[in-house]
Amino acid sequence: MADSPPDGTAVRRAAGLLAGRGVVVVTGAGLSTDSGIPDYRGPQSPPRTPMTYQQFVGDAAFRQRYWARNHLGWRRMDAARPNPGHRALARLERAGIVAGVITQNVDLLHTKAGTRRVIDLHGTYAGVCCLRCGARISRLGLADRLEAANPGFAEDVSATGIEVAPDADAVVADTGRFRMLDCAACGGMLKPDIVYFGENVPAARAAAALALVDSARALLVAGSSLTVLSGLRFVRRAANNGVPVVIVNRGDTRGDDLATLRIEAGCSETLCALADHLTAPGQPERGVGEGCGPLGGIGRSGVKSAVT
C-alpha cells in the first residue's frame, strides 16, 4: 500500500529550516527501497543478518557463500535506477541548496541520478580490492572470470527465483559448489570494495565526510535509522555545531532526540515535496509531492517534531 502524501505543515517547516542553506544530506537504505533495493531495518523489512568483516576474512565457507550470492545480486543492483527521491536531491544540488551527499548505501544511485558531490561512505558495489597487494578491479571485470569458473551456476539458481539483499548480494540457499577466485596479480584474497560490519571506514573518507558536515549550515537525514555509528556521528556533530537537523525516515532513529524536526514519511514523497518548495521561491504553492509520480510499497506518514 502506498504512502499518503507527507504532512504539508511539516514539509513547509522543513523547507524553512533548509532554505538558502548549504545543506549536507546523509542517506541510508530507506531512500533506495523505491528503486527495488531492500533495507535492513525498515518497518516492513524481514530479519537479515549481514556478514561481518571477521567472518569474511576468517572463514572460507562464509567467503564462498558471499561470492556466490554476490555473483547473482550485483547485476540486479547495477540495473537499479534512481527513484524520485534521488532525483530530488540532485535537483537541490543543481539549485545550490544541497552542498553534498554522504551516503551509507553502496548502490551508486546518487551518482546515477546526477548528484556531483557524493561521498560513498561504505564504498560501492562496482569495485573489488585485493587484501594482500591492494589492487583494485571492477566488479564487471571479475564477473567474466567468475562466469567462466562457474558455468551454468547463475542460470540454475535464477531459474528458482532469487531475492536481492541490500549489499549487492542475493538470498541463495545452495552455494556449496560455487568456485571462488583469487587476485590475478598476487593470488591474494579478493573482497568487494564495501565496508563490512565490523570494518572501519577508511580514515581519509571519514575525514572528508566530517569536513563536509562541519561546513554544513543544515543537515538532512533521509532513510537511515542511524543504528550504525558511522551515520549517527554526523548527526551528533551537526547538533554540536548548532545547525538544524531534519530527519526523514519511516520508523524511529537513534538521532531523534537531536533532531530539530522529525518527519515520519516515505523519502521519495517528502524529498520531492521539499524540492518543489525550495526550488520554486515566489511561485504559487504547489501540491505536496507534486511531480513525484505513483509509488508503492511504502508505509505510513506523519510528523514528530523536536524542540527547535
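Everything below is about the structure shown above.
**Section: the packing of helix H3 (residues 60-79) against helix H6 (residues 139-149)**
Argument step 1. As a packed pair, H3 and H6 sit with axes 11 Å apart at the nearest point and diverge in direction by 125 degrees. Relative to H6, the element H3 lies oblique. Note that H3 runs across H6; the crossing there is left-handed. From H3, Trp67, Asn70, His71, Trp74 and Arg75 reach across to H6, where they touch Arg139, Leu140, Leu142, Ala143, Leu146 and Glu147.
Argument step 2. For the contact of H3 with H6, the class distribution of residues is six nonpolar, two polar and three charged.

**Examining the packing of aromatic side chains**
Argument step 1. Summed over all chains, the structure comprises six aromatic pairs.
Argument step 2. Centre to centre, the rings of Phe56 and Tyr196 are 5.3 Å apart; their planes meet at 70 degrees, and the pair counts as edge-to-face. With a gap of 140 residues between them, Phe56 in helix H2 (residues 53-58) and Tyr196 in the loop between strand S8 (190-194) and helix H8 (203-215) connect regions that are remote in the sequence. Residues Phe56 and Tyr196 agree in their burial class; the two are buried.

**Quick notes on the nonpolar core**
Argument step 1. Among the nonpolar cores identified, the biggest contains 30 residues, and Leu18, Val23, Leu220, Val246, Leu271 and Leu274 are the most heavily contacted of them.
Argument step 2. Of all the elements in the fold, those that place two or more residues in this core are helix H1 (8-18), strand S1 (23-27), helix H4 (84-94), strand S2 (98-103), strand S9 (218-222), strand S10 (245-248), strand S11 (261-264) and helix H10 (267-278).
Argument step 3. Ranked by residues supplied to this core, first place goes to H10 with seven residues.
Argument step 4. Residues contacting Leu18, with those up to four places away along its chain left out, are Val23, Ile97, Ala218, Leu220, Val246, Leu274 and Leu278.

**A look at the pairing of S10**
Argument step 1. Judged by which residues are buried, S10 turns out to be covered on both faces: Val245 and Ile247 on one side and Val246 and Val248 on the other are all buried.
Argument step 2. Tracing the backbone out of S9, into helix H9 (residues 229-241) and back to the parallel element S10 gives a crossover that is right-handed.
Argument step 3. Both S10 and S11 contribute to a ladder of three bridges, which runs parallel. Note on S11: the bridge partner recorded for Val248 is Ile263.

**Considering the packing of H8 against H9**
Argument step 1. Where H8 contacts H9, the two axes come as close as 9 Å, and the packing angle between them is 35 degrees. With respect to the hand of their crossing, H8 and H9 are arranged in right-handed fashion. Touching Ala206, Ala209, Leu210, Val213 and Asp214 of H8 are Arg233, Phe234, Arg237, Ala238 and Asn241, all from H9.
Argument step 2. Residues that form the contact of H8 with H9 fall into these classes: six nonpolar, one polar and three charged.

**Focus on H8**
Argument step 1. For H8, built from 13 residues, the straight-helix expectation of 18 Å at 1.5 Å per residue is met to within 8% by its first-to-last C-alpha distance of 18 Å.
Argument step 2. Along H8, the residues that are buried comprise Ala206, Ala209, Leu210, Leu212 and Val213. Buried residues along H8 cover an arc of 155 degrees about the axis, so they all sit on one side. Turned more than 90 degrees away from the buried face of H8, the exposed residues are Ala203 and Ala204.
Argument step 3. Each element contacted by the buried residues of H8 is listed here: S1, S2, strand S3 (118-120) and H9.

Thresholds, definitions, all that
- Residues numbered from 1 in each chain as written.
- Predicted model: local features only at pLDDT ≥ 70, side-chain atom pairs only at ≥ 80, totals over all residues.
- Heavy atoms only, no water.
- Axes fitted to C-alpha atoms, helices over the stretch in contact; angles between N-to-C directions.
- Helix = DSSP H or I, 4+ residues; strand = E, 2+ residues; numbered from the N terminus.
- Parallel < 35°, antiparallel > 145°, perpendicular 65-115°, else oblique.
- Left-handed = near helix turned anticlockwise from the far one by under 90°.
- Contact = heavy atoms within 4.5 Å.
- Nonpolar A, V, L, I, M, F, W, Y, C, P; charged D, E, K, R; others polar.
- Phe/Tyr/Trp six-rings, centres within 6.5 Å; stacked < 30°, edge-to-face > 60°.
- Buried < 20%, exposed > 50% of the residue type's maximum accessible area, 1.4 Å probe, protein only.
- Core = buried A, V, L, I, M, F, W, Y, C linked by side-chain atoms within 4.5 Å.
- Right-handed = clockwise from strand over helix to strand, strands pointing away.
- Pairing = 2+ DSSP bridges.
- Expected span 1.5 Å × (residues − 1).
- Arc of directions from axis to C-beta.

All quantities given are derived from atomic positions and should not be read as evidence of function.
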